[in-house]
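Now for the letters of each chain:
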Amino acid sequence: MDPMHSGMRYTPKATEHEWDPSLQFLPASDSKKLEKKKGLKAGAVIGLIVFFLVISLMTGLLVWHFHFRKVVKIKKMYTGSMRITNQVFVDSYENPNSTEFKTLAKQVSLELREIYSKTPQLSKYYIDSTIQAFSEGSVIAYYTSEFHVPSGHEDSVDRAMSSMDQIVHKSQERRRTAKLTSGKPVDLVFDDVVTAELDTRLFQTPKALRFYQHTRSNHIGILESPGFPNYPYPPNQMVQWQLRADRGYVIKLDFDTFNLEENCKNDFVRIYDSLVAIESRVMDEICGYYSPSDHLAYVSSGNVMLVTFVTNEARDYPGFRAHVSQIPATTGVMKCGGTLSASSGTFKSPNYPDYYPPFTSCVWSIQVPSGKYIKVTFEKFLVSEPGQDGTSCSKDYVKINGKKLCGEFSNVVETAEESYLTVVFSSDASYVDRGFTAKYEAFEPKDPCPKKFMCGNSNCIDQKLKCDGWNDCGDNSDESDCKCSSSQISCRNGMCKPKFWLCDGVNDCGDNTDEQNCGFCSKEQFTCPHNNKCISEKQKCDGRDDCGDGSDEAECARSNEVKCTQYTYQCKNKKCVSKLNPECDGTNDCTDGSDEENCDCGKQPYKTSRIVGGQDASQGEFPWQVSLHIRGSSHVCGASIISDRWLVTAAHCVQDDAKTRYSQPGTWDVYLGLHEQRDKSKAVKRGLKRIISHPSYNAYTFDCDIALMELDSPVTFTDAIRPICLPSPSYVFPVAKSVWITGWGATREGGYGPNVLQKAEVRIINGTVCNDLMGGQLTSRMLCAGVLAGGVDACQGDSGGPLSSLSTEGRRMFLAGVVSWGDGCARRNKPGIYTTVTKFRGWIKEMTQV
Ligand code: 4AZ
């Protein structure tokens, strides 16, 4: 064993000495002197050697540093604009190939070199400038300047460039003095200097395309992404459009199609209120999908605009098309402000509901009869921009009563205790929004809400709505300090809610009073949803059937393989999993992966954007919505697409009557991808091959109100035509969940149908509560949804259409119900009744193989 590794201490043996201990050294003669002399000489030699070594090392280092070391330099690009106040714009400045352009561009370029040369942080790294364009007023020059900056020095260049306006100012002062003393004329005089670093994405893309367009009156130009509409736009592309209008006009850019990748970090369109991409002049950055009804339209503040489009390596999005036109700068939609002297009226921001332009300033002076006060209600208010919080409102804002408003809200009321009021709207140089609509009215100081209840926020509501359990004011002030009636729950927080909301699983009071002491299980226990049995919370989702009907193992966050019950999801291989709504949620829960099969459904092809005005759906927002017409006539019922050849509708829509044979396929024209009833040009029309009404449909009770329609030929899916997902029999649409109703049905009881597809958000209502409200007419194949306060509901003409429910992970819609019947429309405490699709999943599969 090696002793070093044996853990024992090492003791050298006598034989290991390197010398012989018996040897004797001879004594030196005058040993001290001899040692000293020898030592001095050796020291001097070593010193010299060390000295030369140090010198040569330093020289080497210096030579390497200055000659051989590679300094990493970073390319930095800045864009800017400046006004040349002593020049007059001529048309030929628009053309970069004209002599006039080239002459002025050369002059500006020289001036820029001169300006940068006087700033040491810039002169060292400056490479060159390119003059991009000129526009009117007097002449505005747009340029890009390039610098190559050693790594680590970028900040000093950024700092210097951020005070470019002062640098230009100083340089001009210096030169003016020099010229004056020398008697020579002053060259170019600059003002309004704006500079910012260029977004690296705009100069790093390998392929760049540049377009120029000058719009004229009565002419609409087209601007579209490369390949549109035939091909997806190409990867790694940068496209730029410089747009101009005539003097006295502004540019309107109106997108009719916009479908890009969802993430703006990858592909994006940027719109600038400038001819070059200056950060401080960005009006908006957009990506994702917008429907044509989303009003994606911008106007510039002057007669120039720049649109840039950048894509990354990923492909396969259709792109966009926009119309470019010019509109007079001071009239029409651009007009704002003025005196409002009627006792009530409306006003709005310029270009509303499209985006207002930058640099807007409007003042409205409201004057009502003396002795009266003024109330202004902002019905829609969208004045926000990145980096602006709702408190300081330092960028875009509305000023009223000395208070600045910004952000997003609706129905906000401001009152003035005077008969005169000014409202100011101001937008800065960057980022625009849709603006606002407002109404104003005069009121008697002593009676702000004649015959109505006045809310804490000055809204006036019907007296009947006070203490009815609904927040009608918007600030809940109509629901506080209430004396509850015998038909109401007295919440601890002072609110009153309808008695039938007691113990319905929804916290209606807000403080949970209505959900406590419900007589079922204690806090630590789980109430079995179908038999009210109490089990320990720990027994829920433990893999054992503790409720007795498997319901404690059906709605789990994780998917375990469990015994099959009617509440569990059954995979294709007949095995069952415990997870709640596992189908098409992006996770393989079944061992055979069948829960993720046939999932090309329920996708809304757009990015949710703010809808301004009413309840119009966006184009393509509900692509499974179908309009059923009596052949050659008008809309009668709705239906939902479930595959390329099958639709689901209500059985009562296809029931014959004395006059019409609704059950016959030849009676119907089917419109898919329809948005407006008056414009069928973009919709796909089909006839029917077959109608299958549910055999158990009961025309008196409306039980089993469901039917299937087979198209006479399959349809191709597009952004506007897509199927909705069908829920499995075990799918759960919980009480209080928000769901969507859509259709062209009447907009009020006994009223007419609208032109544009309507949408409304309602909630699933507890079946027992609903059965009570509907006089016990519900069967287990019906589900209720609505807003019990009234006002939101399906109505005549919506029948057969979808009740669409967003999946838990929020990516796709499932068909929860089919619009079936109701007690009138939108009445208080009368929800809409829908056919429960889960109950018919097996029948649908059997009939259609879908
Ligand atoms: C109908 O007649 C109808 N309020 C559809 C739904 C409702 C009422 C009537 C629900 O088609």
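**Observations regarding the site of the ligand**
Line of reasoning, step 1. Lining the immediate surroundings of the ligand are Asp-793, Ala-794, Cys-795, Gln-796, Gly-797, Ser-799, Val-819, Trp-821, Gly-822, Gly-824 and Cys-825.
Line of reasoning, step 2. Contact between the ligand and Ser-799: an oxygen atom at 2.5 Å from a side-chain N or O atom of the residue.
Line of reasoning, step 3. Between the ligand and the protein, one listed contact pairs a nitrogen atom with a backbone N or O atom of Gly-824 at 2.9 Å.
Line of reasoning, step 4. When the ligand is considered free in solution it has 300 Å² of accessible area, and contact with the protein chains removes 85% of it.

**Notes on helix H4 (residues 154-162)**
Turn by turn, an α-helix covers 3.6 residues, leaving residues three or four places apart pointing in a common direction.
Line of reasoning, step 1. Inspection of H4 places Val-157, Ala-160 and Met-161 among the buried residues, and these make up the whole buried set. One side of H4 carries all its buried residues, which in axial view fall inside an arc of 95°. The exposed residues of H4 that point more than 90 degrees off its buried face are Asp-155, Arg-159 and Ser-162.

**Brief notes about the sheet that holds strand E19 (residues 397-400)**
Line of reasoning, step 1. The sheet built from five strands is open, its strands ordered E15-E17-E22-E19-E20 with mixed pairing. The open sheet has two free edges, formed respectively by strand E15 (338-340) and strand E20 (403-405), since each of these has just one partner strand. Across the sheet, the axes of successive neighbouring strands diverge by a mean angle of 20°, strand direction being ignored.
Line of reasoning, step 2. Two strands pair when backbone bridges link them, and strand E17 (residues 361-367) and strand E22 (residues 420-426) are joined in this way by seven bridges, in the antiparallel orientation. By the bridge assignment for E22, Val-363 is matched with Val-424.

**A closer look at the confidence of the model for the protein**
Keep in mind that low pLDDT regions are not for reading the predicted coordinates in detail.
Line of reasoning, step 1. Looking at the protein as a whole, its pLDDT mean stands at 86, while 91% of the residues score no less than 70.
Line of reasoning, step 2. Counted against residues more than four places away or in other chains, residues 1-36, with its pLDDT under 50, gives five contacts.

**With respect to unusual backbone geometry**
Trans peptide bonds make up most of the peptide bonds, and negative phi angles are found at most residues other than glycine.
Line of reasoning, step 1. A cis amide bond links Phe-228 to the next residue, Pro-229, at an omega of 0°.
Line of reasoning, step 2. Along the chain, Pro-229 turns up in the loop between strand E6 (221-224) and strand E7 (237-244).
Line of reasoning, step 3. Here the amide bond leading from Tyr-352 into Pro-353 is cis, since omega sits at 5°, within 30 degrees of zero.
Line of reasoning, step 4. Within the fold, Pro-353 resides in the loop between strand E16 (344-348) and E17.
Line of reasoning, step 5. Backbone geometry at Cys-393 places phi at a positive 45°, although glycine is not the residue there.
Line of reasoning, step 6. As for its placement among the helices and strands, Cys-393 is situated in the loop between strand E18 (373-383) and E19.
Line of reasoning, step 7. Of the residues examined, Cys-393 reaches a relative accessible area of 0% and is grouped as buried.
Line of reasoning, step 8. Even without a glycine there, the phi angle at Ala-826 is positive, about 60°.
Line of reasoning, step 9. As for its position among the elements, Ala-826 is in the loop between strand E44 (813-821) and strand E45 (832-836).

**Examining the sheet that holds strand E31 (residues 569-570)**
Line of reasoning, step 1. Taken in spatial order, the three strands line up as E30-E32-E31 in an open sheet, and their pairing is antiparallel. Both edges of this open sheet fall to strand E30 (561-562) and E31, since each of them pairs with a single strand only.
Line of reasoning, step 2. In this sheet, strand E32 (residues 576-577) lies alongside E31 in antiparallel orientation, the contact comprising two bridges. Opposite Tyr-569, over in E32, you have Val-577 as the bridge partner.

**Description of empty space enclosed by the protein**
To find the voids left in a structure, one rolls a probe of water-molecule size over its atoms.
Line of reasoning, step 1. Scanning the entire structure with this criterion turns up four cavities of 30 Å³ or more.
Line of reasoning, step 2. What the largest cavity holds in volume is close to 90 Å³.
Line of reasoning, step 3. Looking at the largest cavity, the residues that line it are Ser-618, Gln-619, Gly-620, Glu-621, Phe-622, Pro-623, Gln-625, Gly-673, Leu-674, His-675, Ala-720 and Leu-757.
Line of reasoning, step 4. Split into classes, the residues belonging to the lining of the largest cavity amount to five nonpolar, six polar and one charged.

**With respect to helix H8 (residues 841-848)**
Line of reasoning, step 1. Arg-841, Trp-843, Ile-844 and Thr-848 are the residues of H8 that are buried. One face of H8 carries all of its buried residues, which in axial projection span an arc of 160°.
Line of reasoning, step 2. For H8, the elements touching its buried residues are strand E35 (646-649), strand E38 (688-693) and strand E39 (707-711).
Line of reasoning, step 3. Once H8 finishes, Gln-849 follows within two positions and takes phi at roughly 65°, a positive value.

**Some words on the pairing of strand E43 (residues 802-806)**
Line of reasoning, step 1. For E43, the tally of buried residues reaches four of five residues, placing the bulk of the element in the interior.
Line of reasoning, step 2. Summarising the sheet, strand E40 (residues 738-743) and E43 pair through two bridges and their orientation is antiparallel. Looking at E43, one finds that Trp-740 is bridged to Ser-804.
Line of reasoning, step 3. Judged from the five bridges that link them, E43 and E44 form a sheet pairing that is antiparallel. Residue pairing in the sheet places Ser-804 in a bridge with Leu-815 of E44.
Line of reasoning, step 4. In this structure, the hairpin formed by E43 and E44 is closed by a connection of six residues, where Gly-810 is found at a positive phi of approximately 75°.

**Here we look at the pattern of salt bridges**
Line of reasoning, step 1. One pass over the structure, following the stated rule, counts 28 salt bridges.
Line of reasoning, step 2. Bridged by salt links that share partners, the residues Lys-76, Asp-158 and Glu-197 form one connected network.

**Some thoughts on the pairing of strand E42 (residues 782-786)**
Line of reasoning, step 1. In terms of residue burial, E42 counts as a mostly covered element, since five of its five residues are buried.
Line of reasoning, step 2. Bridge count for strand E41 (residues 758-765) against E42 is three bridges, and the pairing is antiparallel. Bridge assignment links Ile-764 to a residue of E42, and that residue is Ala-785.
Line of reasoning, step 3. When E42 meets E45, the two strands line up antiparallel, connected through four bridges. Counterpart to Met-782 in the pairing with E45 is Thr-835.

**Digging into the domain arrangement of the protein**
When the parts of a complex come together, some accessible area is lost, and that lost area is often used as the size of the interface.
Line of reasoning, step 1. For the protein, the domain assignment lists domain 1 (73-198), domain 2 (201-328), domain 3 (338-448) and domain 4 (625-848).
Line of reasoning, step 2. Contacts between the two partners involve 18 residues from domain 1, matched on the other side by 17 residues from domain 2.
Line of reasoning, step 3. Counting the surface lost from both domain 1 and domain 2, the interface buries some 1,500 Å², and carbon and sulfur atoms represent 58% of this.
Line of reasoning, step 4. Summed over the three residues of domain 1 that lose the most area to domain 2, namely Glu-94, Glu-136 and Leu-198, the buried surface amounts to 34% of that side.
Line of reasoning, step 5. Counting the contacts that link domain 1 with domain 2 gives one salt bridge.
Line of reasoning, step 6. Here Glu-136 ties to Arg-247 by a salt bridge, and the two come within 2.9 Å at their closest N and O atoms.
Line of reasoning, step 7. The tally of links between domain 1 and domain 2 comes to five residue pairs in polar contact (both at pLDDT 80 or more).
Line of reasoning, step 8. Elements with a contribution of two residues or more to the side of domain 1 that touches domain 2: strand E1 (73-84), strand E2 (126-136) and strand E4 (190-197).

**With respect to the side chain of Asp-546**
Line of reasoning, step 1. Looking at the secondary structure, you find Asp-546 in the loop between strand E29 (534-536) and E30.
Line of reasoning, step 2. Of the buried charged residues, Asp-546 lacks a salt bridge, with Arg-544 as the closest side chain of opposite charge at 4.5 Å.
Line of reasoning, step 3. Not counting chain neighbours up to four residues away, the residues in contact with Asp-546 comprise Lys-533, Ile-535, Gln-539, Asp-552 and Glu-553.

What counts and how
Throughout, a residue's number is its position along its own chain's written sequence, starting from 1. For this predicted model, a pLDDT threshold of at least 70 governs which residues receive local features, and a threshold of 80 or more governs which side-chain atom pairs are given and counted, while totals over whole chains, interfaces and linings are taken from all residues. Hydrogens and water molecules were not included; the side-chain quantities draw on all heavy atoms of the structure. Residues are classed as near a molecule or strand on a simple rule: at least one heavy atom within 4 Å of it. Here a polar contact is taken to be a pair of N or O atoms separated by no more than 3.5 Å, where protein atoms must pair a possible hydrogen donor with a possible acceptor and residues adjacent in sequence count only if both atoms sit in side chains. The protein chains shown are the only cover counted for residues, whose accessible areas, like all others here, come from Shrake-Rupley with a 1.4 Å probe. Burial classes: relative accessible area under 20% of the type maximum marks a residue as buried, over 50% as exposed, and values in between as partly exposed (1.4 Å probe, protein chains only). Put simply, DSSP marks the helices as runs of H or I at least four residues long and the strands as runs of E at least two long, and each gets a number from the N terminus on. The arc in question is the one traced by the directions running from the helix axis out to the C-beta atoms. Should DSSP find at least two bridges between two strands, the strands are regarded as paired. Interaxial angles span 0 to 180 degrees and are taken between N-to-C directions of axes, which are lines fitted to C-alpha atoms, for helices over the stretch in contact. Per-residue confidence from the predictor is reported as pLDDT, which spans 0 to 100. A contact between two residues is defined here by any heavy atoms of the two lying within 4.5 Å. Residues are said to line a cavity or pocket when one of their atoms sits within 4 Å of a point; the points come from a 1 Å grid over protein atoms alone, cavities being sets where a 1.4 Å probe fits but cannot get out and pockets being open sets with protein on both sides within 12 Å along at least five of seven lines. Grid points are joined across faces, edges and corners, and a volume is the space filled by probe spheres set on the points. Following the grouping adopted for this structure description, the nonpolar residues are Ala, Val, Leu, Ile, Met, Phe, Trp, Tyr, Cys and Pro, the charged ones are Asp, Glu, Lys and Arg, and the polar ones are all others, Gly among them. We count a salt bridge whenever a side-chain nitrogen from Lys or Arg sits within 4 Å of a carboxyl oxygen from Asp or Glu. Domain extents, as shown, originate in an automatic or database domain assignment. Put simply, buried area is how much 1.4 Å-probe accessible surface two parts lose in total, over both of them, once they are put together. His is not counted, nor are the chain ends, whereas Lys and Arg count as positive and Asp and Glu as negative.

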